[in-house]
Amino acid sequence: MRLVKTIKEVREIVNGWKKEGLSVGLVPTMGYLHEGHESLIVKSVSQNDKTVVSVFVNPIQFGPNEDLASYPRDIEHDKELVKNAGADLIFNPEPEEMYGKHFTTLVNTTEVSENLCGAKRPVHFGGVCTVLTKLFNIVNPERAYFGQKDAQQLAVVKRFVKDLNFDIEIVGCPIIREADGLAKSSRNTYLNKEERKAALILSKSLKLGKEAILKGERNSSKVIEIITNNLNTEKLAKVDYVSIVDNENIQYVDKIEGEILCAIAVYIGKTRLIDNFIYKCED
Ligand code: AMP
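A few points on the structure.

What counts and what doesn't
Residues numbered from 1 in each chain as written. Predicted model: local features only at pLDDT ≥ 70, side-chain atom pairs only at ≥ 80, totals over all residues. Heavy atoms only, no water. Helix = DSSP H or I, 4+ residues; strand = E, 2+ residues; numbered from the N terminus. Expected span 1.5 Å × (residues − 1). Buried < 20%, exposed > 50% of the residue type's maximum accessible area, 1.4 Å probe, protein only. Contact = heavy atoms within 4.5 Å. Near = heavy atom within 4 Å. Polar contact = N/O pair within 3.5 Å; in protein donor to acceptor, adjacent residues only side chain to side chain. Areas by Shrake-Rupley, 256 points an atom, 1.4 Å probe, with all protein chains shown as cover. Nonpolar A, V, L, I, M, F, W, Y, C, P; charged D, E, K, R; others polar.

Our next topic: helix 9 (residues 200-214). An ideal rise of 1.5 Å per residue puts 21 Å on 15 residues; helix 9 measures up with 21 Å between its terminal C-alpha atoms. Taken as a whole, helix 9 has its buried residues at Leu200, Ile201, Leu202, Ser203, Ser205, Leu206, Gly209, Ala212 and Ile213. Those residues of helix 9 that are buried are in contact with helix 8 (193-198), helix 10 (220-231), strand 7 (237-246), strand 8 (259-268) and strand 9 (271-280). Following helix 9 by one or two positions, Gly216 adopts a phi angle in the positive range, close to 115 degrees.

Below, the structure written as structure tokens:
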């Protein structure tokens, strides 16, 4: 397993693999890797001859008052995890390597990125689509792996890859959780002991919403109310949004039908956490 910091080195290594006819999988991450990232890497290793993991805290996907400076970083730990998961290469560029002095191009989607996190974090998905376009062009993978944890991101990526004719298969992977139900996230490290306990309210509230749907509730407002009321029982929690959208275009739906995404963003103290579930109606 090698770690490289320049685009030139990645291209040389990947070109060598391609000449041998080997397939390449890409797992884009911001590092501080945990079992959620690991599941994506393991999936890629199982489906491709070679796997590249990018570790890059992408400055242009953070808003001015967000946590770019404090985002956790630990490349030595990441190297160990990537090696043990069986990947072949870490691409860990500095921001200057990715964005020269006169970087002025932005790739963005409309519609699919306008609601949920897109509404709350206006620059976010433009930054995500732009960095992924660059990573796709640098690594030239056959497949790229994304977690359902960031459900809107997965929908956005599927859309821009289709719209811009990237010849890359986008593979979605299930949410990996702690034993008590909290979705694994690099940002969980911000939580103190009391907040960590309080953070359980996200998965617990989603579970109540899902149970209501399973019992036959088809009115989105009713499900949203059940989830919101339960979130509000936790004094450290401040709801950012609770929404139900169709899982393809990420548009709000009044009625639960087809495949819906129920997504929440909640502040626990100063830490903003997201979680979600997908439900496919058979009726
Ligand atoms: P990040 O480093 O947070 O940008 O995440 C990199 C990739 O890992 C994204 O595709 C995330 O959706 C995915 N990911 C993060 N946390 C989890 C998790 N708990 N389960 C599954 N995938 C995850």
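What follows picks up the thread again.
All right, on to the site of the ligand then. The ligand sits among 17 residues. The nearest are Met30, His37, Asp150, Ile176 and Lys184. Take Met30: an N or O atom from its main chain is 2.9 Å from an oxygen atom of the ligand. Separating an oxygen atom of the ligand from a side-chain N or O atom of Asp150 is a distance of 2.6 Å. Coverage of the ligand by the protein amounts to 92% of the 490 Å² it exposes when considered alone. Contributions of two or more residues to the shell around the ligand are made by strand 2 (24-29), helix 2 (35-47) and strand 5 (143-147). In terms of residue count, the dominant contributor to the shell around the ligand is helix 2 (three residues). For the shell around the ligand, a count of residues per class yields eight nonpolar, six polar and three charged.

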